[in-house]
Amino acid sequence: MTQPRVRQGLVLGMSTLAFTVCFMVWMMFAVLGVPIKDLLQLNETQFGLLAATPVLTGSLVRLPLGLLTDRFGGRSVFFLLMLACVAPLYLISHATAYWQFLVLGLFVGLAGGSFSVGIAYVAKWFDKENQGFAMGIFGAGNAGAAVTKFLAPALIAAGSWQLVPKVFSAILFITALLFWFLSAENKDHRSATGATLREQLSSLKDPAVWRYCQYYSIVFGGYVALALWMTKYYVQEYGFSLQSAALLAACFSLPGGVLRAVGGWMSDRWGAQSVTWWVLWVSWICLFLLSYPQTQLQVQTINGPVDFHIGLNPALFTVLLFVMGIAFAFGKASVFKYIANDYPKNMGAVSGIVGLAGGLGGFVLPILFGALVDLTGVRSSCFMLMYGVVWVSLTWMYFSEIRKSPVLGKAPPLTQSPFSSIALGEEHVRSAKA
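Starting afresh in each chain, residues are numbered from 1 along the sequence in its written order. Thresholds applied to this predicted model are a pLDDT of at least 70 for local features of residues and 80 or more for the giving and counting of side-chain atom pairs; totals over whole chains, interfaces and linings are not thresholded and use all residues. Side-chain calculation: all heavy atoms of the structure are included, whereas hydrogens and water are not.

Student: Sorry, what's going on with the confidence of the model for the protein chain here?
Tutor: Low pLDDT means the predicted atomic positions in that stretch should not be read closely. Every residue is assigned a pLDDT by the predictor, reflecting its confidence on a scale from 0 to 100. Per-residue confidence for the protein chain gives a mean pLDDT of 83; residues scoring 70 or more make up 87%. In this model, residues 411-434 is a region of pLDDT below 50 whose contacts with residues beyond four sequence positions or in other chains number 35 contacts. Contact definition: two residues touch when any of their heavy atoms are within 4.5 Å.

Okay, here's the thing in structure tokens:
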């Protein structure tokens, strides 16, 4: 019993470390983009594209990487993925033109695909009762976004912005070696069905997968987008220095990562549906308050005009971000608990699909944030956009799930999808048809 537990612990610990470093690299432009924006005189939309470019490739490769993980195992795929990002990451320190940053950012973005590799790799080492908690611990690697906000400003202050990609590339290379020598592989965890790509992608026919994609585009895509955007937001909206702004932005990034394990435990205990439902409600309320722009209001009274200022001060703004970061952390875990319950045989493929949707949300949203600011001049328009997206998700979830299930407690077995495995047994097929 001791040996398997040790291997489980090493797999979980090294995977979480590797994912944290990969996420740190993936979110690098959240801080690095600020001095580059000033250097190249970029507008808001151009900054949004720069920050989001790594997210694009990290999103697009999630599905193929999930399929490769099912077939060849997570250890080899994870190791080779990290090695592939080292060289382009280092070359960013020598970039001088906008297009060079964009092209190198595309290659560095491969690190973002580590999630679909690691989540399928880790989940198969644990039984169903503990999968949510284990996946939550692994997902706490999202805290790499906060590590970037602590480390990158310090490196910029100590030297220059070029120091950031150099140090990050060294950290990534060392982490890849540690992962290879300390993790383990179990060939029994690879897909034994010999399923074709078409069969693995058959879950796309299931409407539930599209719902999970929508939820994840908020709790993960929104998390990534705001993690990229908030440092600059604090600098421009409240006038903080880069170092102070990054630390305050970490109040959103840090709980959004490290508390994911708590969300996994909650999903194991109360069910993925209940946790996701309340996560969306909390996010919706926070986004409503964050959306209100700084406003000067003049009221005509019997004694003459009276001026009022309506807007969030930095402290209240940070508290709301902190609360929403906690909600997103719980939601990221609960969405993947849905997947672990419904798709145990082809989790790599489904997690790749859902991860792709979440990553694309993280790519599109920062560009839309910048475009809205350029168009309206209102910085809080980013929260207005996300408020509308969450409202759509709440409505969809209510009509597809909540109306048919108790709000508190686990969802009944009948909600399980008929597409939950590519290797359906005859009994499962009969029950699905019934």
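Student: Before we go on, may I ask you to explain the side chain of R75 in this structure?
Tutor: Note on placement: R75 falls in helix α5 (residues 74-91). Exposed residues in this analysis have more than 50% of their type's maximum accessible area, buried residues have under 20%, and partly exposed residues fall in between, with area computed by a 1.4 Å probe over protein chains only. Classification of R75 as buried rests on a relative accessible area of 17%. Excluding its chain neighbours within four sequence positions, the residues that come into contact with R75 are Y121, F179, W180, S183, A184 and E185. In this description a helix means any DSSP run of H or I spanning at least four residues, a strand means any run of E spanning at least two, and both kinds are numbered starting from the N terminus.

Student: Would you explain unusual backbone geometry in this entry?
Tutor: Negative phi characterises most residues that are not glycine, and trans characterises most peptide bonds. Of note, Q41 is a non-glycine position whose phi angle comes to about 55°, a positive value. Residue position: Q41 is located in the loop between α2 (29-40) and α3 (44-60). Q41 gets classed as exposed once you look at its relative accessible area, which sits at 67%.

Student: Would you mind going over helix α15 (residues 260-270) with me for this structure?
Tutor: The periodicity of an α-helix, 3.6 residues per turn, causes residues three or four positions apart to be oriented the same way. Restricting attention to buried positions, one finds in α15 the residues R260, A261, G263, G264, M266, S267 and D268. Looking one or two places after α15, you find G271, whose phi comes out positive at around 100°.

Student: Can you walk me through the environment of Y233 in this structure?
Tutor: Mapping Y233 onto the fold places it in helix α13 (residues 221-238). Here the alpha-carbon distance between Y233 and A246, two residues 13 residues apart in the chain, equals 9.9 Å. With sequence-adjacent residues up to four places away left out, Y233 is seen in contact with Y238, F317, R379, S380, C382 and F383.

Student: Would you mind showing me how to read the pattern of salt bridges here?
Tutor: Should their charged atoms come close, side chains of opposite charge can pair. One speaks of a salt bridge when a side-chain nitrogen belonging to Lys or Arg is within 4 Å of a carboxyl oxygen belonging to Asp or Glu. Considering all chains together, one arrives at 4 salt bridges under this definition. Across the pair K37 and E44 runs a salt bridge, and its minimum N-O distance is 3.9 Å. Take K37 and E44: they sit in the same class, and that class is buried. Close ionic contact of K232 with E44 constitutes a salt bridge, the shortest N to O distance being 2.5 Å.

Student: I would appreciate a short explanation of the packing of helix α9 (residues 144-158) against helix α10 (residues 163-182) in the present structure.
Tutor: For any two helices packed against each other, the geometry comes down to the angle between their axes and how far apart the axes lie. Lines fitted to C-alpha atoms define the axes here, with helix axes fitted over just the stretch in contact, and angles between the N-to-C directions of these axes take values from 0 to 180 degrees. Between α9 and α10, the shortest axis-to-axis distance is 9 Å and the interhelical angle comes to 130°. Judged by the angle between their axes, α9 and α10 are oblique. Relative to α10, the crossing made by α9 is right-handed. Along the contact surface, α9 presents T148, L151, A152, L155 and I156, while α10 presents L163, V164, V167, F168 and I171. All amino acids are sorted into three groups, where Ala, Val, Leu, Ile, Met, Phe, Trp, Tyr, Cys and Pro are nonpolar, Asp, Glu, Lys and Arg are charged, and the leftover types, Gly among them, are polar. Within the contact of α9 with α10, the residues separate by chemical class into 9 nonpolar, 1 polar and no charged. Between 65 and 115 degrees an angle is taken as roughly perpendicular, under 35 as roughly parallel, over 145 as roughly antiparallel, and anywhere else as oblique. A crossing counts as left-handed when the near helix is turned anticlockwise from the far one by less than a right angle, and as right-handed when that turn is clockwise.

Student: When you look at the environment of L368 in this model, what are you seeing that I'm missing?
Tutor: When you line up the elements, L368 lands in helix α18 (residues 347-376). Residue classification places L368 among the partly exposed residues on the basis of a relative accessible area of 36%.

Student: Can you help me understand the packing of aromatic side chains in this one?
Tutor: Centre-to-centre distance and the angle between the planes together describe a pair of aromatic rings. The aromatic pairing rule takes the rings of Phe, Tyr and Trp, using the six-membered ring of Trp, and pairs them if the centres are within 6.5 Å, calling planes under 30 degrees apart stacked, those over 60 edge-to-face and the rest tilted. Applying the stated rule across the entire model yields 37 aromatic pairs. Geometrically, the ring pair formed by F317 and F383 is edge-to-face, given 5.8 Å between the ring centres and 70° between the ring planes. Residue F317 is found in helix α17 (residues 314-342), and its partner F383 is found in helix α19 (residues 381-400); the two are separated by 66 residues along the sequence. The residues F317 and F383 share a single accessibility class, namely buried. Clustering of aromatic rings is evident, with ring pairs tying together F19, F23, W26, F115, F138, Y216, F220, Y223, F252 and F328. The aromatic ring of W229 is capped on one face by K232, whose charged end is 4.0 Å from the ring centroid. Think of it as a cone above the ring: NZ of Lys or CZ of Arg counts as a charge over the ring if it is within 6 Å of the ring centre and within 35 degrees of the ring normal.

Student: I'm lost on the pairing of strand β1 (residues 295-301) in this one. Help?
Tutor: Each regular strand shows side chains that alternate between the opposite faces of the sheet. Two strands pair under a simple rule: DSSP has to find at least two bridges between them. Here β1 pairs with strand β2 (residues 304-310) via 7 bridges, running antiparallel. Across the sheet, the residue bridging to V299 is V306, located in β2. Linking two consecutive strands that pair antiparallel, namely β1 and β2, is a turn of 2 residues.

Student: Hey, could you run me through the packing of helix α16 (residues 272-290) against α17 in this one?
Tutor: The contact between α16 and α17 brings their axes to 8 Å, and the two run at 155°. With respect to α17, the element α16 is oriented roughly antiparallel. Considering the relative orientation of α16 and α17, their crossing is left-handed. By residue class, the composition of the contact of α16 with α17 is 18 nonpolar, 5 polar and 1 charged.

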